Amino acid sequence: NYPLDAASFFGYPKLVSKFLEMSKNPLSNINAYYENPKDGNMAFHRACWGKLKDHTKVVELFLLYGIDKNIKSRDGKDCLAYAKE
């Protein structure tokens, strides 16, 4: 689901919202653990990396749709750990 991945990385809350709204089962999309097989990060984690207010809005959208805020990437980091970096 690379469009969701990219929209999260760049901090586009309107696009992320549309992708989640259009999905038949948004939780299955956002909880797809290894969304990007190269690095094992989910779209949620990519939003957590960002420093803009729009990245925060994207994180809030994922939380609104029910993603587990403590879900870890392949390297064992959660959203808070990424945000602190």
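Structural data are supplied above this passage.
What counts as what
Residues numbered from 1 in each chain as written. Predicted model: local features only at pLDDT ≥ 70, side-chain atom pairs only at ≥ 80, totals over all residues. Heavy atoms only, no water. Core = buried A, V, L, I, M, F, W, Y, C linked by side-chain atoms within 4.5 Å. Buried < 20%, exposed > 50% of the residue type's maximum accessible area, 1.4 Å probe, protein only. Contact = heavy atoms within 4.5 Å. Axes fitted to C-alpha atoms, helices over the stretch in contact; angles between N-to-C directions. Helix = DSSP H or I, 4+ residues; strand = E, 2+ residues; numbered from the N terminus. Parallel < 35°, antiparallel > 145°, perpendicular 65-115°, else oblique. Left-handed = near helix turned anticlockwise from the far one by under 90°. Nonpolar A, V, L, I, M, F, W, Y, C, P; charged D, E, K, R; others polar. Salt bridge = Lys/Arg side-chain N within 4 Å of Asp/Glu carboxyl O.

**Q** If you had to explain the nonpolar core to someone new, which residues and values would you point to?
**A** Core analysis: the biggest nonpolar cluster contains 17 residues, and L4, V16, F44, C48, V59, F62 and I67 have the highest contact counts within it. Leave out the neighbours within four places in its chain, and V16 touches L4, A7, S8, V58, L61 and F62.

**Q** Can you break down the packing of helix α2 (residues 13–22) against helix α5 (residues 53–64) residue by residue, with the values?
**A** It is the contact of α2 with α5, at a shortest axis distance of 9 Å, that shows an interaxial angle of 20°. Viewed along their axes, α2 and α5 adopt a mutual orientation that is roughly parallel. The hand of the α2/α5 crossing is right-handed. Between α2, through P13, V16, S17 and L20, and α5, the contact on the second element is made entirely by D54, K57, V58, L61 and F62. The residue makeup of the contact of α2 with α5, split by class, is six nonpolar, one polar and two charged.

**Q** Could you give an account of the pattern of salt bridges, with specific residues and numbers?
**A** Scanning the model with the defined rule gives four salt bridges in all. A salt bridge links K18 to E21, with the shortest nitrogen-to-oxygen separation between them at 3.9 Å. Pair noted here: K18 and E21 are both in helix α2, with a separation of three residues, about one helical turn. On the basis of relative accessible area, K18 is assigned to the partly exposed category, the value being 48%. Among the residues examined, E21 registers a relative accessible area of 48% and is labelled partly exposed. Residue D54 is joined to K57 by a salt bridge in which the shortest nitrogen-to-oxygen separation is 3.6 Å. Here D54 pairs with K57, and both are found in helix α5, just three residues apart, close to one helical turn. K57 gets classed as partly exposed once you look at its relative accessible area, which sits at 44%.

In short, shape yes, function no, at least from these values alone.
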